[in-house]
Amino acid sequence: FILSLLSRLSFSNITALAPMVRVGTLPMRLLALDYGADVVYCEELIDIKMALCQRQVNDVLQTVDFVAPDDRVMFRTCEREKDRVVFQMVRQKKKKIFILTLVVSKPVTCKIRILPSLEETLSLVRRIEKTGVAAIAVHGRFKEERPRHPVHCDYIQAVAQAVSIPVIANGGSLDLVKSNGDIQEFRKAAGASSVMLARAAMWNPSVFSGQGLLPVERVMEEYLKYAIRYDNNPFNTKYCLCQMLRDKVESPLGKQVQSAQTNAEISEAYGLQDFYRQTQEQLQARRDAVQSGSRPDRPVLDGDVVTMPVRFERREYPPQITPKMFLLEWSRKEKLEQPLYETVQRCQDRAFQSTVTVAERKYRSTLWEKSKKFAEQAAAIVCLRVLGIPEGRIGEEDSGLVCKRKREAKLNGAADEEGSKKRHVAEDQQEEEPVQRCQRTAGV
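Heads up: these notes are all about the structure in this document. (Residues numbered from 1 in each chain as written. Predicted model: local features only at pLDDT ≥ 70, side-chain atom pairs only at ≥ 80, totals over all residues. Heavy atoms only, no water.)

Topic: the packing of aromatic side chains
Here is the rule we go by: Any two rings among Phe, Tyr and Trp, with Trp reduced to its six-membered ring, count as a pair given centres within 6.5 Å; such a pair is stacked if its planes are under 30 degrees apart, edge-to-face if over 60, and tilted if neither. As a reminder, the over-ring test applies to NZ of lysine and CZ of arginine, requiring each to be within 6 Å of the ring centre and within 35 degrees of the ring normal.
Tallied over the entire structure, the rule returns 7 aromatic pairs. Ring pairs connect the aromatic residues Phe66, Phe75 and Phe87, which therefore count as one cluster. Over the ring of Phe275 we find Lys225; its NZ or CZ atom is 5.6 Å from the centre of that ring. In this structure, Lys324 packs its charged tip against the face of Tyr341, placed 4.8 Å from the ring centre.

Set out below in structure tokens:
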């Protein structure tokens with residue numbers, strides 16, 4: 001099953017760009033919207049992989065990116081497609097209705113293929129409807145059937161009659177939809193509320209335009225401009241262009257595209273060198289403005305959490321002095337509840353990330369640390385910097401929070417040093433106990 005998390009979308013009487021692996025990236029989605037698509041689906045993304053991604057705001061491209069631990073951009077979106085894009089996740093388990101249980105605040109849709117018999121198919125969609133999904137997309141082919149097989153409009157029609165929610169017909173690109181005028185004919189033949197196009201849109205996204213199909217050469221240029229503008233992966237750019245070239249993929253243009261290794265080289269194939277150069281100059285100017293006009297580590301709000309790219313460097317702090325100590329002492333001074341840390345661990349590299357709650361606000365570093373203690377220190381640093389509180393770094397002016405007691409203990413010799421150690425142990429226990437409880441709650 002495929003789950004789609006949405007915001008405010010209608011699924012009645014719409015035409016949508018279908019989910020397609022390696023095709024439904026940002027440039028293709030934006031192009032489909034330009035030509036008239038009402039809704040665009042991103043490519044199918046594995047839910048487990050997405051769970052490991054970091055959400056990052058890209059000020060240069062003006063996008064929001066979901067970045068994997070290996071720095072690959074798994075999903076990129078922008079303001080242009082807000083409330084029009086479907087973020088789609090694939091759950092890698094067969095026919096488990098329990099995954100459709102609605103545990104999110106946003107509407108959810110489901111996309112299926114038809115089952116071996118009509119009775120099985122109708123039984124399935126009725127069960128899916130009961131979970132509360134907003135719509136069902138039905139690819140009118142059996143699991144073993146390929147695009148060359150005709151779409152079973154009678155199955156889609158029976159599904160539409162069996163449920164009360166919108167049904168989106170899918171699978172008519174080859175034999176039914178060759179131009180924009182054919183879209184409504186497919187919808188009527190399938191008895192569906194809406195239509196979802198895959199290959200017809202992949203070959204020429206202008207199929208969504210009520211003005212008729214445009215020459216594919218012009219469409220490819222418009223696609224490439226978006227790919228350059230949003231720094232699309234060049235190999236993904238090549239793949240999408242080759243799908244549009246179809247039987248011309250072995251032409252001189254097709255061979256030049258296939259041999260290209262960068263978006264710059266691809267732009268040369270289409271005579272867009274000037275556009276590429278101008279776009280890079282604009283992006284560089286924006287990059288310079290971002291770097292000079294603000295601190296690279298300025299805070300960013302991610303949901304209800306204030307984030308900064310901060311790493312705890314032990315050598316930057318005196319012995320026995322840590323940001324967590326400063327935050328704890330400051331909280332006591334302000335008569336606040338002591339900081340509460342929630343730490344999670346990433347499976348693939350066992351790195352840690354911590355969120356600290358202080359005065360009902362949450363703070364977190366976007367960088368993952370090698371240990372739980374370092375992750376908590378990084379979260380404390382974010383909180384201290386956002387609040388403008390000293391954090392105990394070497395060279396900082398004495399704030400009177402923690403440094404005085406620690407430094408006095410260091411100067412008083414071995415006997416007093418032993419006493420200081422005991423106080424330090426007790427202090428650490430006070431700090432660590434709520435963190436450990438929070439860890440158990442988080443399942444780490």
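Remarks on the sheet that holds strand E15 (residues 340–345)
Applicable threshold: Paired strands, as defined in this entry, are two strands with at least two bridges between them according to DSSP. Strands here are runs of E lasting at least two residues and helices are runs of H or I lasting at least four, both read from the DSSP assignment and numbered beginning at the N terminus. Between N-to-C directions, angles cover 0 to 180 degrees, with each direction set by a line fitted to C-alpha atoms, over the stretch in contact for helices.
With mixed pairing, the 5 strands of this open sheet are ordered in space as E13-E14-E17-E16-E15. Two strands close off the open sheet at either side, each with one partner strand: strand E13 (300–302) and E15. The sheet shows a mean angle of 30° between the axes of neighbouring strands, taken without regard to direction. Note that strand E16 (residues 352–358) and strand E17 (residues 361–365) share 4 bridges and pair antiparallel. Its bridge partner being in E17, Thr355 is matched across the sheet by Arg364.

With respect to the pattern of salt bridges
Opposite charge on two side chains permits pairing when their charged atoms draw close. Our working definition: Salt bridge, as used here: a side-chain nitrogen of Lys or Arg that lies within 4 Å of a carboxyl oxygen of Asp or Glu.
According to the stated counting rule, one finds 17 salt bridges in the structure shown. The structure contains a network of salt bridges with shared partners spanning Arg55, Asp302 and Arg364.

Focus: the pairing of strand E12 (residues 194–197)
Using the following cut-off: Only protein chains enter the area calculation, which uses a 1.4 Å probe; residues under 20% of their type maximum are buried, those over 50% are exposed, and those in between are partly exposed.
The alternating pattern of E12 places Ser194 and Met196 on one face and Val195 and Leu197 on the opposite face, and all of these are buried. Pairing of strand E2 (residues 15–17) with E12 involves 3 bridges; the strand directions are parallel. Residue pairing in the sheet places Thr15 in a bridge with Val195 of E12. Sheet analysis places strand E11 (residues 167–170) next to E12, joined by 3 bridges and oriented parallel. Following the sheet pairing, Ala169 is matched in E12 by Val195.

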